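So you can see what is in the structure, the chains are spelled out below.
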Amino acid sequence: QVQLVESGGGLVEAGGSLRLSCAASGRTLSRYAMGWFRQAPGKEREFVATISASGVAINYADSVKSRFTISRDNAKNTMYLQMNSLKLEDTAVYYCAAGQYGSGSGNQHLYEYWGQGTQVTVSS
């Protein structure tokens, strides 16, 4: 079974940066699209960014464009999310996901494997 584990969350001041990691085990995910999603308190989980299996096709939510960068290292079976210029509105639990048919899509229903999430809190 595939297991995804997020790390790198924490407390950061507005304008600061964090880098999240998602480590996969149990199976190589080199053929799977991967993505980051987040859920704020009282809100539904939303798309943040996705990356194709090759790492070439990337999509971002409008709210994070120019601030966040998604990447992956298939040799390490790991995906990353570099978050810069963080805003209060970025506060959420961030989840990583992987899906065989998720390439180029922010539709979370196309991702069958999910991590447990890591908390990101941005303070003023």
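Structure's up top.
This section reports on the structure supplied with the text.

Parameters and conventions
Residues numbered from 1 in each chain as written. Predicted model: local features only at pLDDT ≥ 70, side-chain atom pairs only at ≥ 80, totals over all residues. Heavy atoms only, no water. Phe/Tyr/Trp six-rings, centres within 6.5 Å; stacked < 30°, edge-to-face > 60°. Helix = DSSP H or I, 4+ residues; strand = E, 2+ residues; numbered from the N terminus. Buried < 20%, exposed > 50% of the residue type's maximum accessible area, 1.4 Å probe, protein only. Pairing = 2+ DSSP bridges. Axes fitted to C-alpha atoms, helices over the stretch in contact; angles between N-to-C directions.

## What about the packing of aromatic side chains?
Stage number 1. In the structure shown here, the tally under the stated rule is four aromatic pairs.
Stage number 2. Measuring from centroid to centroid gives 5.5 Å for Phe37 and Tyr111, while their planes differ by 65°, and the two rings are edge-to-face. Linking Phe37 in strand S4 (residues 33–39) with Tyr111 in the loop between strand S9 (92–99) and strand S10 (113–114), this pair joins segments that are 74 residues apart in sequence. Of the two residues, Phe37 and Tyr111, neither departs from the other in class, the shared state being buried.
Stage number 3. Both rings, one in Phe37 and one in Trp114, keep their centres 5.0 Å apart while their planes meet at 50°; by these two values the pair is tilted. Here the residue Phe37 occupies a position in strand S4, and Trp114 occupies one in strand S10, the gap between them amounting to 77 residues.

## Quick word on the sheet that holds strand S3 (residues 18–25)
Stage number 1. One open sheet holds the four strands; their spatial order is S1-S3-S8-S7, and the pairing between them is antiparallel. The strands lining the two open edges of the sheet, one partner per strand, are strand S1 (3–7) and strand S7 (68–73). For this sheet, the mean angle separating the axes of adjacent strands, direction not counted, is 15°.
Stage number 2. Strand direction decides the pairing type here: S1 and S3, joined by five bridges, are antiparallel. Its bridge partner being in S3, Glu6 is matched across the sheet by Cys22.

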